[in-house]
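# Breakdown of the fold
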Amino acid sequence: MAKENAAFSAVPETPVSESKPPLSSHPLKPPALRRLGEEPEKAEKKKGRQRYVEKDGKCNVQHGNVIETYRYLTDIFTTLVDLKWRFSLLVFILAYAVTWLFFGLIWWFIAYCRGDLDHLGEEAWTPCVKNLNGFVSAFLFSIETETTIGYGYRVITDQCPEGIVLLLLQAILGSMVNAFMVGCMFVKISQPNKRAETLVFSSHAVISLRDDRLCLMFRVGDLRNSHIVEASIRAKLIKSKQTQEGEFIPLNQTDINVGFETGDDRLFLVSPLIISHEINEHSPFWEVSKEQLKKDEFEIVVILEGMVEATGMTCQARSSYLVDEVLWGHRFMSVLSLEDGFYEVDYNSFHQTFEVPTPSCSARELAEAAARMDAHLYWSIPSRLDEKVEEATEKAEEGSKERNGNLASLESESKV
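First, a word on what this report is: a plain description of the structure on this page. (Residues numbered from 1 in each chain as written. Predicted model: local features only at pLDDT ≥ 70, side-chain atom pairs only at ≥ 80, totals over all residues. Heavy atoms only, no water.)

Bringing the packing of helix α5 (residues 135-146) against helix α6 (residues 161-189) into the picture now. α6 packs onto α5 with a crossing angle of 65° between their chain directions and a minimal axis gap of 9 Å. Judged by the sense of rotation from one axis to the other, the crossing of α5 with α6 is right-handed. Residues Ser142, Thr145 and Glu146 of α5 form the contact with α6, whose participating residues are Leu167, Gln170, Gly174 and Asn178. Split into classes, the residues belonging to the contact of α5 with α6 amount to one nonpolar, five polar and one charged. (Axes fitted to C-alpha atoms, helices over the stretch in contact; angles between N-to-C directions. Helix = DSSP H or I, 4+ residues; strand = E, 2+ residues; numbered from the N terminus. Left-handed = near helix turned anticlockwise from the far one by under 90°. Contact = heavy atoms within 4.5 Å. Nonpolar A, V, L, I, M, F, W, Y, C, P; charged D, E, K, R; others polar.)

Printed below as a string of C-alpha cells:
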C-alpha cells in the first residue's frame, strides 16, 4: 500500500542538499500513461506528494476528455457564472454590442428599403425614423431604444408599421438581455468565495492525549467580526486502498468523525476553535503508531461550511494536511486571553504548537494496555481483601485458644 500511495505523494523525499542527475537522464513519461490505477511497479516513481486539495482550498483535479460538452450549454447561466472574470466581462460586452449592432442593421435596412435614405431633408417625405441618415445613426437609435435613453432627436413615426413591430421586439429582447446579464454579474459579484479567504486553518494537525485518549486535532478561526452562521465542520481521509479481491481504489474517501453524534461538529465560531477527532476503534487511525505515521501516505481534507451573516449565502472553506503536516506529540498554543472587559485573540500564535509527553504506540495498543491495567487492579483488590480476612480469622483463632487456656488454668486452681 505504501508503494501504491506513493503515486499520490508534494514534498520531495530526497534531501535538498543531495545532488540531482541531469534532466536528460530521466525521460519524462507522457501524462496520458500515468494512470491512477496502474500497478505500482509499472508506475513511474514520483519524488513528491501530490495534494488532492491545496492548502488554500482549491481542488487539484482537472477534467479531461469530456465528450458531452453540450451539457454546459443546457445550464448556460451557471456556465457564465463559473467563467473567469475576463471571460465574463467579454461575454457581457459582446451580449450588448451584438444586439445593438443587430437591431441597428435592421433599422438601417428598413430605412434603405423604404427609400428614406434617398429623401433626406425633404419635408413632404415621412420616414420610418426621423433624422436617420445612415448606419451610424441607425446604430445610435438602436442603443437609445434598447437602453430607453430617449434623447428625442431620432424618433419613430406612425407611418411605419414594420418599425413599430421591430420596436416592440427590441424592447422585449433588450429587457431579457438586461435581466440575464445583470443577473449573471450580480450572482458573480455576490459569490461568497472570497469570504472563505478570512476563514483560516492551522498549518499543521497534531496528535496528542486528551482525557487519556489519543486525539487528532486541528484549529480553525474566523478573521472577520461578522460571523459564520450555522457553521459545521467535516473531515475526510484521502487514502488509496486495495480490497480483498485485489481491486485498487485510488484516493478512497473515508469519513473522520469530528463530533457528528455529539453535535460537536456544529460550531459557534466567534474565536478560534480546536477540532478534535478521538482515535477509537471506529477511527481509521486506530492502529497507526508514531513510527507507522512516518511511513504512511494519506491526506486529511477538512471542510468548513456555513452561511455568511451579511448576505445569507452559503460559504465553504477547505484545506488539507499531508502526513508531514501531522505532528505527533504536539499541542496547540493558547491564543485566547482575558483583557479588561473583553477577550483578545492573538493570531500570532494561531499556528504555533509545542511538544507534550505522548505515547508513541497506537491508540489500540494504548487501549489494550489500559485494559490490562484495569484488569490487574480488578483482580488485585479481592486478593488483598482475602488476605485481610485470613489475618482476621487467624487472630480470632489465636484469641480463642488463649481464652481456652486461661479457663483451663482457672479450673485447676479452683480444684486445688
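Once the structure has been displayed, the description carries forward.
Quick look at the nonpolar core now. Ranked by internal contacts, the top residues of the largest apolar core, which has 36 residues, are Ile233, Phe285, Ile300 and Val326. Taken together, the elements giving at least two residues each to this core come down to β1 (199-201), β2 (205-210), β3 (213-222), β4 (228-242), β8 (299-308), β9 (314-322) and β10 (326-328). Broken down by element, the residue count for this core peaks at five residues, all from β4. Beyond its immediate stretch of four places on either side in the chain, Ile300 contacts Leu216, Lys236, Leu237, Ile256, Phe285, Ser319, Ser320, Tyr321 and Val326. Membership of the second largest hydrophobic core comes to eleven residues, among which are Phe103, Val129, Phe141 and Leu166. (Core = buried A, V, L, I, M, F, W, Y, C linked by side-chain atoms within 4.5 Å. Buried < 20%, exposed > 50% of the residue type's maximum accessible area, 1.4 Å probe, protein only.)

Attention now moves to empty space enclosed by the protein. Vacant regions in the atomic arrangement are exposed by a probe of water-molecule size rolled over the atoms. Quantified by volume, the largest cavity comes out at close to 60 Å³. Counting residues per element, the ones that place at least two in the lining of the largest cavity are α3 (76-82), α4 (85-114) and α6. Counting residues per element, the lining of the largest cavity draws most heavily on α6, at four residues. Its residues assigned to classes, the lining of the largest cavity comprises seven nonpolar, one polar and one charged. (1 Å grid on protein atoms, 1.4 Å probe; cavity = no way out; pocket = protein on both sides within 12 Å on 5 of 7 lines; lining within 4 Å. Points joined across faces, edges and corners; volume = space filled by probe spheres on them.)

Once that is clear, we can look at the state of the cysteines. What the rule picks out here adds up to one disulfide. Across the disulfide, Cys128 is cross-linked to Cys160 (sulfur-sulfur distance 2.0 Å). Handedness here is read from the sign of the S-S torsion; for Cys128 and Cys160, about -75°, the answer is left-handed. Of this pair, Cys128 sits in the loop between α4 and α5 while Cys160 sits in the loop between α5 and α6, and the two are 32 residues apart along the sequence. An identical accessibility class is assigned to Cys128 and Cys160; each is buried. (Disulfide = S-S within 2.5 Å.)

Turning our attention to a nonpolar patch on the surface. On the surface, Leu101, Leu105, Phe135, Val136 and Leu140 cluster together into a nonpolar patch covering about 430 Å² of accessible area. The set of elements that each furnish at least two residues to the nonpolar patch consists of α4 and α5. Per element, the largest residue contribution to the nonpolar patch is three residues, and it comes from α5. By secondary structure assignment, the location of Leu101 is in helix α4. Since its relative accessible area comes to 42%, Leu101 is described here as partly exposed. (Patch = residues over 30% accessible without salt bridge, like charges linked within 9 Å, V, L, I, M, F, W, Y side chains within 5 Å. Areas by Shrake-Rupley, 256 points an atom, 1.4 Å probe, with all protein chains shown as cover. Salt bridge = Lys/Arg side-chain N within 4 Å of Asp/Glu carboxyl O.)

Attention shifts here to the pairing of β2. Along a regular strand, successive side chains alternate from one face of the sheet to the other. Where β2 lies against β10, three bridges are found, and the strand directions are parallel. What sits directly across from Val206, in β10, is Leu327. Here β2 runs beside β3; their pairing, made up of five bridges, is antiparallel. Counterpart to Val206 in the pairing with β3 is Met217. From the end of β2 to the start of β3, which pair antiparallel, there are two residues, and Asp211 there has a positive phi angle of about 60°. (Pairing = 2+ DSSP bridges.)

The next subject is the pattern of salt bridges. One pass over the structure, following the stated rule, counts 13 salt bridges. For Asp116, the salt bridge goes to Arg114, with nearest N and O atoms at 3.0 Å. With a relative accessible area of 23%, Arg114 lands in the partly exposed category. Through salt bridges with shared partners, one network takes in Arg51, Lys55 and Glu325.

It is worth spelling out the environment of Pro161 at this point. Structurally, Pro161 is set in helix α6. Remark: the alpha-carbon pair of Pro161 and Cys128, spanning 33 residues in sequence, is separated by 8.6 Å.

A contiguous patch of negative charge on the surface is contributed by Glu339, Asp340, Glu344 and Asp346. Secondary-structure assignment places Asp340 in the loop between β12 (336-338) and β13 (343-345). (Lys, Arg positive; Asp, Glu negative; His and termini not counted. Charge placed at Lys NZ, Arg CZ, Asp CG, Glu CD.)

Along the chain, the position of His119 falls in the loop between α4 and α5. Separated by 14 residues in the primary sequence, His119 and Asn133 have C-alpha atoms spaced 9.5 Å apart. Within the local environment of His119, its side chain forms a polar contact with the backbone oxygen of Gly115, the two atoms lying 2.8 Å apart. (Polar contact = N/O pair within 3.5 Å; in protein donor to acceptor, adjacent residues only side chain to side chain.)

Here we take up the pairing of β8. Within β8, eight of the ten residues are buried, which leaves the element mostly enclosed by the surrounding structure. Direction of pairing for β4 relative to β8: antiparallel, over a ladder of nine bridges. Along β8, the bridge assignment pairs Ala235 with Val302. Once β8 ends, the chain turns through five residues before running back antiparallel as β9, passing Gly312 with a positive phi of about 80°.

Here the focus is the packing of aromatic side chains. Here the structure, examined in full by the defined rule, presents nine aromatic pairs. Between the aromatic rings of Phe77 and Phe180, the centroid separation amounts to 5.9 Å while the plane-to-plane angle is 80°, which identifies the pairing as edge-to-face. A residue pair is termed long-range when its members are at least 10 positions apart, and Phe77 in helix α3 and Phe180 in helix α6 qualify at 103 residues. Residue Phe77 is classed as partly exposed on the basis of its relative accessible area, which comes to 31%. Residues Phe92 and Tyr96 carry aromatic rings whose centres are separated by 5.2 Å and whose planes lie at 65° to one another, so their mutual orientation is edge-to-face. Of this pair, Phe92 and Tyr96 both sit in helix α4, four residues apart, which is roughly one turn of that helix. According to the relative accessible area criterion, Phe92 is partly exposed, its value standing at 25%. (Phe/Tyr/Trp six-rings, centres within 6.5 Å; stacked < 30°, edge-to-face > 60°.)

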